[in-house]
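# Descriptive structure summary
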Amino acid sequence: PQSIDDLIELVDVIIPFQMQQNSETEAVDLLFEVDRLDKLTSTTGLVDSNNYERVCLYLLRFAEFLFDFNDLESVMGVAFKLYFSQEQYPDALR
């Protein structure tokens, strides 16, 4: 059996490609499924001034369908950090 590390290595290849191809929603969904949403804030170059708004809006709408408080906190926290990093302070308070 392959370890989870092999899966994460594959995710690390897929996510930048999806972000470059304007498939932010698929990238966010994949990161959520493997419990690695924090990669959006910790990996340089994934979210920039060109795509942060689409990513954040998707995260906010995605959060409306979450029932688990920990998942909700994680998704909203990532959206907050992304807005904050782009100096969109009013949006960060959503």
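Report follows, based on the coordinates. (Residues numbered from 1 in each chain as written. Predicted model: local features only at pLDDT ≥ 70, side-chain atom pairs only at ≥ 80, totals over all residues. Heavy atoms only, no water.)

For helix α1 (residues 4-20), which comprises 17 residues, the first-to-last C-alpha distance of 25 Å matches the rise-based estimate of 24 Å (1.5 Å per residue) to within 8%. For α1, the full list of buried residues reads I8, V11, I15, Q18 and M19. Relative to the axis of α1, the buried residues are bounded by an arc of 90 degrees and lie together on one face. Opposite the packed face of α1, turned more than 90 degrees from it, sit the exposed residues E9, V13, F17 and Q20. In the core, the buried residues of α1 are packed alongside α2 (24-33), α3 (39-42) and α4 (52-63). With its phi angle positive at about 60 degrees, N22 sits one or two positions after the end of α1. (Helix = DSSP H or I, 4+ residues; strand = E, 2+ residues; numbered from the N terminus. Expected span 1.5 Å × (residues − 1). Buried < 20%, exposed > 50% of the residue type's maximum accessible area, 1.4 Å probe, protein only. Arc of directions from axis to C-beta. Contact = heavy atoms within 4.5 Å.)

What follows is about α2. Buried within α2 are the following residues: E24, A27, V28, L31 and F32. End-on, the buried residues of α2 take up no more than an arc of 130 degrees, which puts them together on one face. Next to the buried residues of α2 lie α1, α3, α4 and α5 (69-85). Following α2 by one or two positions, D35 adopts a phi angle in the positive range, close to 60 degrees.

The residue N51 is located in the loop between α3 and α4 in this model. Polar side-chain contacts of N51 include one of 3.1 Å to the backbone oxygen of L46. The residues contacting N51, other than those within four sequence positions of it, are M19, E24 and L46. (Polar contact = N/O pair within 3.5 Å; in protein donor to acceptor, adjacent residues only side chain to side chain.)

Time to look at the nonpolar core. Grouped burial of nonpolar side chains is what soluble globular proteins tend to show. Judged by nonpolar contacts, the single largest core of 27 residues is most densely connected at L37, L40 and L59. The set of elements that each furnish at least two residues to this core consists of α1, α2, α4 and α5. In terms of residue count, the dominant contributor to this core is α4 (seven residues). Excluding residues that lie within four positions of it along the chain, L40 makes contacts with M19, V28, L31, L46, V47, V55, L59, V78 and L82. (Core = buried A, V, L, I, M, F, W, Y, C linked by side-chain atoms within 4.5 Å.)

This part is about unusual backbone geometry. Even without glycine at this site, N22 takes up a positive phi of about 60 degrees. By the element assignment, N22 lies in the loop between α1 and α2. Look at N22 and you get exposed, because its relative accessible area is 54%.

Together, F80, F84, Y89 and L93 give the surface a local cluster of nonpolar side chains, amounting to about 450 Å² of exposed area. Positionally, L93 belongs in the segment after α6 (89-92). (Patch = residues over 30% accessible without salt bridge, like charges linked within 9 Å, V, L, I, M, F, W, Y side chains within 5 Å. Areas by Shrake-Rupley, 256 points an atom, 1.4 Å probe, with all protein chains shown as cover. Salt bridge = Lys/Arg side-chain N within 4 Å of Asp/Glu carboxyl O.)

Our next topic: the pattern of salt bridges. Under the defined criterion, the tally for this structure stands at four salt bridges. For R54, the salt bridge goes to E24, with nearest N and O atoms at 2.9 Å. Residue R54 is located in helix α4, and its partner E24 is located in helix α2; the two are separated by 30 residues in the primary sequence. Where R94 meets D91, a salt bridge forms, and the shortest distance between an N and an O atom there is 3.3 Å.

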